[in-house]
Amino acid sequence: MSVPTESSAGTTAIRPFTVPVTPEAEIEALRARIAATRWPEKEPVDDLSQGVQLAAIQALARYWETEYDFGRLEAKLSGLPQFMTEIDGLDIHFIHVRSPHENALPLIITHGWPGSVVEMLNVIGPLTDPTAHGGSAEDAFHAVIPSMPGYGFSARPDETGWDVPHIARAWAELMKRLGYTRYVAQGGDWGALITEVMGAHAPEGLIGIHTNMPGALPPEISKVIASNVLGAGDPAPTDLSADEQRAYDRLSFFYTKGIGYALEMGNRPQTLYGLADSPIALAAWMLDHDAWSLADITPAFVDGQPVGNLTRDEVLDNVTLYWLTNTGVSASRLYWENKLGFLDVKGVTVPTAVSIFPNELYQAPRAWAERAYPHLIYFNQVDEGNHFAAWQQPGIFTTEVRAAFRSLR
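Reading guide: rules and limits
- Residues numbered from 1 in each chain as written.
- Predicted model: local features only at pLDDT ≥ 70, side-chain atom pairs only at ≥ 80, totals over all residues.
- Heavy atoms only, no water.
- Helix = DSSP H or I, 4+ residues; strand = E, 2+ residues; numbered from the N terminus.
- Rg over C-alpha atoms; globule rule 2.2 N^0.38 Å.
- Buried < 20%, exposed > 50% of the residue type's maximum accessible area, 1.4 Å probe, protein only.
- Contact = heavy atoms within 4.5 Å.
- Lys, Arg positive; Asp, Glu negative; His and termini not counted.
- Charge placed at Lys NZ, Arg CZ, Asp CG, Glu CD.
- 1 Å grid on protein atoms, 1.4 Å probe; cavity = no way out; pocket = protein on both sides within 12 Å on 5 of 7 lines; lining within 4 Å.
- Points joined across faces, edges and corners; volume = space filled by probe spheres on them.
- Nonpolar A, V, L, I, M, F, W, Y, C, P; charged D, E, K, R; others polar.
- Salt bridge = Lys/Arg side-chain N within 4 Å of Asp/Glu carboxyl O.
- Expected span 1.5 Å × (residues − 1).
- Arc of directions from axis to C-beta.
- Pairing = 2+ DSSP bridges.
- Right-handed = clockwise from strand over helix to strand, strands pointing away.
- Phe/Tyr/Trp six-rings, centres within 6.5 Å; stacked < 30°, edge-to-face > 60°.
- Lys NZ or Arg CZ within 6 Å of the ring centre and 35° of its normal.

J.: Go over the overall build of the protein with me, naming the residues and quoting the values.
T.: In terms of regular secondary structure, the protein is built from 17 helices and nine strands. The globule rule puts the C-alpha radius of gyration for 409 residues at 22 Å, and the 20 Å found for the protein is close to it. With respect to the principal axes defined by its C-alpha atoms, the protein has extents near 55 × 55 × 45 Å. Across the 409 residues of the protein, 56% fall into the buried class. Put simply, of all contacts in the protein between residues at least 6 apart along the chain, 78% involve residues at least 24 apart. Averaged over its 28 positive side-chain charges, the protein has a centre that lies 3 Å from the centre of its 49 negative ones.

Next up, the structure:
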């Protein structure tokens, strides 16, 4: 596999894209790098407080080197219609699956870090062809799933400026270019930020958004959280409801104990040469996004017991895509580009739907969501799922997206 670094000059055409077949020599070179990993000693704690445990990453390495089917990712991707188009001088890769059902609603879904379009592969069928998956034709979507700049098969920017608002504008241009005059948007992680900024820009045609990582943090709470990133700062608020206190405590833990990777990528993404040189460094870096998803992923490799759909194969499909396209560093640069508070209010004006997953970074109280989104049309808390909602719980995610936009059809 390779990723384009330049786009063809001056074209707005939509071109078919075929996933390149990975040469066997490249796969063998990856296996050799995995086998040659120099391991550190075991962590001196019995929990995940120091990060990805040695037993987990060694189990991942063994499976990746000796058992993982490198053909499965190419087979899954090759079965879907994919395209490239140049936007603002950069080639953007996207999956585009049109529903067989009349009056399907166009939907653009955006992934995050350390994700990719791989996160969304298992929801494409249920969203675009609901009658084949126990749903109703009235809930059908046309699905557009782009790879963010620097991720997957999209080109890697060779100059600065591809921040969240730029991507949001590019996605609006993509939907316009596809001929969609009435559409909705969905996202989690970076996809949530991009989707919410689209909701603030309110481009012509965008009729509503859905997020599973709401940017609903009140400014006064955000200020306290930000001041405590390094473990010292403003005192905690004392006038919170029980739901608000739980959200604050969760965020306080994440911002003081779990956001180190984001700080490094936000300050020095180019320093992360290990992500391009060592497949195990890349895998460990990607697994350690947050304590709750790491706790869900670890049993898949150590005990062979995945939580939801986060199987060994699914996790390695995503890591393998990063490795084969050499996008570990280029994907990190979005953190450097970003000027927005991850969970701050973005000024969304379009109708907004919110789904709360129990193991997301935080569970936004409804009161915060009502303040953040003046046109809140849907709010629901589900019983299962972490930060990677579509990936881990595709069935629940699909149900939520259908319900979220039902009133806008």
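J.: So what's going on with empty space enclosed by the protein? Which residues, and what values?
T.: Applying the stated criterion across every chain, the model contains three cavities of 30 Å³ or more. Taken as a whole, the largest cavity spans an internal volume of roughly 140 Å³. Taken together, 14 residues make up the lining of the largest cavity; nearest its centre are Asp 189, Phe 254, Tyr 261, Phe 342 and Leu 361. Within the residue set of the lining of the largest cavity, elements represented by two or more residues are helix 6 (190-201), helix 8 (242-257) and helix 9 (260-267). Looking at the lining of the largest cavity residue by residue, the classes come out as twelve nonpolar, one polar and one charged. Considering only enclosed or pocket space, the second largest cavity measures out at about 90 Å³ in volume. As for the second largest cavity, its lining consists of 16 residues, of which Glu 119, Met 120, Gly 188, Asn 212 and His 387 are closest to the centre. Of the residues in the lining of the second largest cavity, the class split is six nonpolar, eight polar and two charged.

J.: Tell me what's going on with the pattern of salt bridges, and back it up with residues and numbers.
T.: The tally for this structure, following the rule as stated, stands at 17 salt bridges. Taking the shortest distance from any N to any O, the salt bridge between Glu 43 and Lys 42 comes out at 3.8 Å. Among the salt bridges present, the one from Glu 314 reaches Lys 76, with a minimum N-O distance of 3.3 Å. Of this pair, Glu 314 sits in helix 13 (residues 312-325) while Lys 76 sits in helix 3 (residues 71-78), placing them 238 residues apart in sequence. With relative accessibility at 5%, the residue Glu 314 sits in the buried group. Here Lys 76 falls in the partly exposed class, since its relative accessible area comes to 24%. Taken together, the salt bridges that share partners define one network made up of Arg 72, Lys 76, Asp 313, Glu 314 and Asp 317.

J.: Tell me about the environment of Phe 141, residues and numbers included.
T.: Among the structural elements, Phe 141 can be located in strand 5 (residues 141-146). With 51 residues separating them along the chain, Phe 141 and Leu 90 place their C-alpha atoms 27 Å apart. Residues within four places of Phe 141 in sequence aside, it is in contact with Val 97, Ser 99, Ala 104, Leu 105, Leu 107, Leu 127, Thr 128, Val 184, Val 401, Arg 402, Phe 405 and Arg 409.

J.: Residues and numbers for the layout of surface pockets, please.
T.: If a probe as big as a water molecule is rolled over the atoms, it shows which places are left empty. Taken as a whole, the largest pocket spans an internal volume of roughly 380 Å³. Along the walls of the largest pocket sit 19 residues, with Pro 40, Val 52, Ile 57, Ile 280 and Ala 284 positioned nearest its centre. Elements with a contribution of two residues or more to the lining of the largest pocket: helix 2 (54-66) and helix 11 (279-287). Across the lining of the largest pocket, the residue classes tally to ten nonpolar, five polar and four charged.

J.: Which residues make up helix 8, and what values go with them?
T.: Over its 16 residues, helix 8 runs 22 Å from end to end, which matches the ideal 22 Å to within 8%, given 1.5 Å per residue. All of the buried residues along helix 8 are Glu 244, Ala 247, Tyr 248, Arg 250, Leu 251, Phe 254 and Tyr 255. On an axial view of helix 8, the arc spanned by its buried residues comes to 165°, and they lie on one face. Those residues of helix 8 that are exposed and angled more than 90 degrees off the buried face are Ala 242, Arg 246 and Lys 257.

J.: How would you sum up the pairing of strand 7 (residues 206-211)? Please name residues and give values.
T.: Most of strand 7 is tucked away: five of the six residues are buried. Pairing between strand 6 (residues 183-187) and strand 7: five bridges, direction parallel. Bridging across to strand 7, Gln 186 finds its partner in His 210. Chirality of the crossover, the property in question, places the unit of strand 6, helix 6 and strand 7 among those that are right-handed. Relative to strand 8 (residues 352-356), strand 7 runs parallel, the two being bridged by three bridges. From the neighbouring strand, Ile 209 faces strand 8, where its bridge partner is Thr 352.

J.: Describe the packing of aromatic side chains, and please don't skip the residues or the numbers.
T.: Across all of its chains, the model carries 15 aromatic pairs by this definition. Where Trp 113 meets Tyr 335, the ring centres are 5.9 Å apart and the plane angle is 90°; that geometry is what we call edge-to-face. Within this pair, whereas Trp 113 is found in the loop between strand 4 (105-110) and helix 4 (121-128), its partner Tyr 335 is found in helix 14 (residues 328-337), the two being separated by 222 residues in sequence. This pair shows no difference in class: Trp 113 is buried, exactly as Tyr 335 is. Taking 6.3 Å as the distance between ring centres and 80° as the angle between the ring planes, the aromatic pair formed by Tyr 151 and Tyr 322 counts as edge-to-face. Placement of the pair is Tyr 151 in the loop between strand 5 and helix 5 (164-177) and Tyr 322 in helix 13, with a sequence separation of 171 residues. Residue Tyr 151 shares its accessibility class with Tyr 322, and that shared class is buried. The structure contains a cluster of three or more aromatic residues connected by ring pairs, namely Trp 113, Trp 190, Tyr 261, Tyr 335 and Phe 342. Against the face of Tyr 63 rests Arg 312, its NZ or CZ located 3.9 Å from the ring centre.

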